[in-house]
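Coordinates in review
Read off the chains here:
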Amino acid sequence: MTKNYTNPETIGLHAGWRKDENTNSVAVPIHQTTSFQFDDCDHAANLFGLSELGNIYSRIMNPTCAVLEDRVSAIEGGVGAVAVASGQAAAAYAIQNLCKKGDNFVTSSHLYGGTYNQFKNVMADMGIEARFVDPKDPENFQKAVDEKTRAFYGEVLPNPSFEVFPIGEVAAIGKPLGIPLIVDNTAAPVICRPFDYGATIIIHSTTKYIGGHGTSIGGIIVDSGLFDWEDFKERQPALNEPDPSYSGAVWSEAVKPLGPIAYILKLRTTMLRDMGAAMSPFNAFMFIQGLETLALRMREHSINADQVADFLSKHPKVERVSHPSIADGIYQERARKYLTKGNGGLMGFELKGGIEAGKQFINSLEMFYHVANIGDSRSLAIHPASTTHSQLNEDELLNAGVTPGYVRLSIGIEHIDDILEDLSNALDKVDA
Ligand code: PLP
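Everything in this summary refers to the structure shown in the same document.

So, how was this worked out
- Throughout this document, residue positions are counted from 1 along each chain, in the order its sequence is written.
- For this predicted model, a pLDDT threshold of at least 70 governs which residues receive local features, and a threshold of 80 or more governs which side-chain atom pairs are given and counted, while totals over whole chains, interfaces and linings are taken from all residues.
- The side-chain figures draw on all heavy atoms in the structure; neither hydrogens nor water molecules are used.
- Helix numbers and strand numbers start at the N terminus; a helix is a DSSP run of H or I with at least 4 residues, a strand a run of E with at least 2.
- The globule rule is 2.2 Å times the number of residues to the power 0.38, and the radius of gyration it is compared with is taken over C-alpha atoms.
- Categorising residues by exposure relies on relative accessible area from a 1.4 Å probe, with only protein chains included: less than 20% of the type maximum marks a residue as buried, more than 50% marks it as exposed, and the intermediate range marks it as partly exposed.
- Contacts are residue-level and defined by heavy atoms, with any inter-residue pair within 4.5 Å sufficient.
- The method behind every accessible area is Shrake-Rupley, applied with a 1.4 Å probe, and residues are considered shielded solely by the protein chains displayed.
- A residue counts as positive if it is Lys or Arg and as negative if it is Asp or Glu; His and the chain ends are not included.
- Charge positions come from single atoms, namely NZ of Lys, CZ of Arg, CG of Asp or CD of Glu.
- Here a pair means two rings of Phe, Tyr or Trp (six-membered ring of Trp) with centres within 6.5 Å. Their orientation is stacked below 30 degrees between planes, edge-to-face above 60, and tilted elsewhere.
- If even one non-hydrogen atom of a residue comes within 4 Å of a molecule or strand, that residue is called near it.
- Distance and chemistry together define a polar contact, namely a pair of N or O atoms within 3.5 Å, with one atom able to donate a hydrogen and the other to accept it when in protein, and with adjacent residues in sequence counting only for side-chain atoms on both sides.
- For this classification, Asp, Glu, Lys and Arg are treated as charged, while Ala, Val, Leu, Ile, Met, Phe, Trp, Tyr, Cys and Pro are nonpolar and the rest, including Gly, are polar.
- Two strands qualify as a pair provided DSSP detects at least 2 bridges between them.
- Fitted lines through C-alpha atoms serve as axes, helices being fitted only where they are in contact, and the angles separating the N-to-C directions of these axes extend from 0 to 180 degrees.
- Residues belong to one nonpolar core when they are buried, are Ala, Val, Leu, Ile, Met, Phe, Trp, Tyr or Cys, and are joined through side-chain atoms within 4.5 Å.
- Residue ranges for the domains trace back to a domain assignment, done automatically or taken from a database.
- In this analysis, a patch consists of residues with relative accessible area above 30% that form no salt bridge, clustered at 9 Å for like charges and at 5 Å for the nonpolar side chains Val, Leu, Ile, Met, Phe, Trp and Tyr.
- The salt bridge criterion pairs a side-chain nitrogen of Lys or Arg with a carboxyl oxygen of Asp or Glu, the two atoms within 4 Å.

Take the overall build of the protein chain next. Secondary structure summary: the protein chain contains 16 helices and twelve strands in total. For the protein chain, whose C-alpha radius of gyration is 22 Å, the value lies close to the compact-globule estimate of 22 Å for 432 residues. Every one of the 432 residues in the protein chain was classed for burial, and the buried ones make up 57%. Sequence-distant contacts, at least 24 apart, represent 73% of the contacts inside the protein chain between residues at least 6 apart. Element-wise, carbon and sulfur atoms account for 51% of the exposed surface of the protein chain, whose accessible area totals about 17700 Å². Taking the 36 positively charged and 53 negatively charged side chains of the protein chain as two groups, their mean positions are separated by 1 Å.

By the definition in use, this model includes twelve aromatic pairs. Seen in terms of ring centroids, Phe38 and Phe48 are 6.2 Å apart; in terms of plane orientation they differ by 65°. Their pairing is edge-to-face. Residue Phe38 is located in the loop between helix H1 (8-14) and helix H2 (41-48), and its partner Phe48 is located in helix H2; the two are separated by ten residues in the primary sequence. Relative accessible area serves as the criterion here: at 49%, Phe48 is assigned to the partly exposed category.

Right, let's get into the site of the ligand. Near the ligand you find 14 residues, and of these Gly87, Asn159, Asp184, Ser205 and Thr207 are the closest. In this structure, Ser205 approaches the ligand through a side-chain N or O atom, which is 2.8 Å from an oxygen atom. The separation between an oxygen atom of the ligand and a polar side-chain atom of Thr207 is 2.6 Å. Expressed as a share of its isolated accessible area of 390 Å², the protein-covered part of the ligand is 91%. Per-class residue counts for the shell around the ligand are three nonpolar, eight polar and three charged.

Across the sheet, which stays open at both edges, the seven strands sit in the order E1-E7-E6-E5-E4-E2-E3 with mixed pairing between neighbours. What marks the edges here is a single partner per strand, and that holds for strand E1 (80-84) and strand E3 (129-133). Within this sheet the neighbouring strands show an average axis-to-axis angle of 20°, counted without direction. Relative to strand E6 (residues 201-205), strand E5 (residues 181-184) runs parallel, the two being bridged by three bridges.

Grouped together as the largest cluster of nonpolar side chains are 54 residues, with contacts concentrated most on Leu68, Phe152, Ile167, Leu181, Leu294 and Leu339. For this core, the secondary structure elements donating two or more residues are helix H3 (63-76), E1, helix H7 (167-174), E5, strand E7 (219-223), helix H11 (281-292), helix H12 (294-313) and helix H13 (329-338). When residues in this core are grouped by element, the largest group, five residues, is from H3. Each of domain 1 (8-290) and domain 2 (295-428) accounts for three or more of the residues forming this core. Other than its neighbours up to four places away in sequence, Leu294 contacts Ile75, Pro189, Val190, Tyr209 and Ile210. In terms of nonpolar packing, the next biggest core, distinct from the first, is built from 45 residues, Ile95, Leu111, Leu267 and Leu392 among them.

This part covers a negative patch on the surface. Together, Asp39, Asp40, Asp42 and Glu52 give the surface a local cluster of negative charge. Position of Asp39 among the secondary structure elements: in the loop between H1 and H2.

With mixed pairing, the five strands of this open sheet are ordered in space as E8-E9-E12-E11-E10. The sheet terminates laterally at strand E8 (318-322) and strand E10 (369-370), the two strands that pair on one side only. Bridge analysis of E10 against strand E11 (residues 380-382) gives two bridges, and the strand direction is parallel. In the sheet register, His370 faces E11, and the bridge partner there is Ala381.

Relative to the helices and strands, Ser252 is located in helix H9 (residues 251-254). For Ser252, a relative accessible area of 7% corresponds to the buried category. Here the side chain of Ser252 touches Asn240 through a polar contact of 2.8 Å, side chain to side chain. Apart from residues lying up to four places away in sequence, Ser252 is in contact with Trp229, Glu230, Leu239, Asn240 and Ala262.

Now the structure itself:
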């Protein structure tokens, strides 16, 4: 057992693991195994029947993944987590764990393009309707609700508009209705703790800041344990009606002796077991390395990005910059309320010269990588309209906060002088 630390700097290094009991290994071992030997037939039956928790098969759980799950859950202040193969799988499972064919969920339209497409098209093919609303006014969530609405969804620091989501306001609308808020906190780990403001479920693409080194694809779902599913039997049938995929278990009742983990245990033992997008133990190991420096990196990303936002907003060739450090109006209020430990490393800006200037700028960068990723230790740049968000039509692009000449930057942890020099040189090469 390790102590229950509360500071993310310490959790990232110590939560959920001290040493290997057989070898005294300090580093978390990579348990590269498909299966786990049962003690005897009773032990096997207990594990399958969930009367005892333990390892069965690495599609459903794995000890290396478990350390990652414990640490991310502790950083977010949750009661449990499930690691999956990608951020996309995390978003899908988080929704599918509550929504069946004929159900709907209300989602912010300010989303990463891949999530937008998954919700709009793939979920629709499965008979689950995503109702997109503008998060600027939280009341838009209320207006879109009907008796089949099972969840609210939003991105804390939406990629790529970077206008902070009204977490507390939307969670408060959902609470009396029995509608939990699921948030994607990929862009703001450590700097925002969504459970403190009433969110029920958090997902991350661990591919980004949690990994931090651009080596591995992964995702994770964290349960706050704070939602009383039993109080909303009609609103939340997935957790309150017998589940034929687990011997008719009623999750909210069956799991009670194990703690407030009905949502996350159902997700592991149905979604992950049956759909199978498991995280590999090797990738979990890589993310555990990333977690060790996550809090430190988020601090440096934020400090550097604040300076870049200041530099860009004063540059004569720049039309507008989007970063929480220079947001105004309601977005400034939300940034101050929800981003308590820094403004994050992501930002967008529009060049006065529009789309051609945007391309010239990206082609002129030397140190920044031109890649479809965010949250790396290195500085990265991309033109969303022609890449990550290219599957969206013009209206959808604008709804997601993407204009044609918009450039997205993920500011790294290099020395700020080198970052500013690369940006400044590239801007010099842009026709005014
Ligand atoms: N959520 C956000 C905010 C993202 O930016 C991304 C990817 O860019 C994803 C989810 C999807 O994550 P992954 O690429 O790990 O599937």
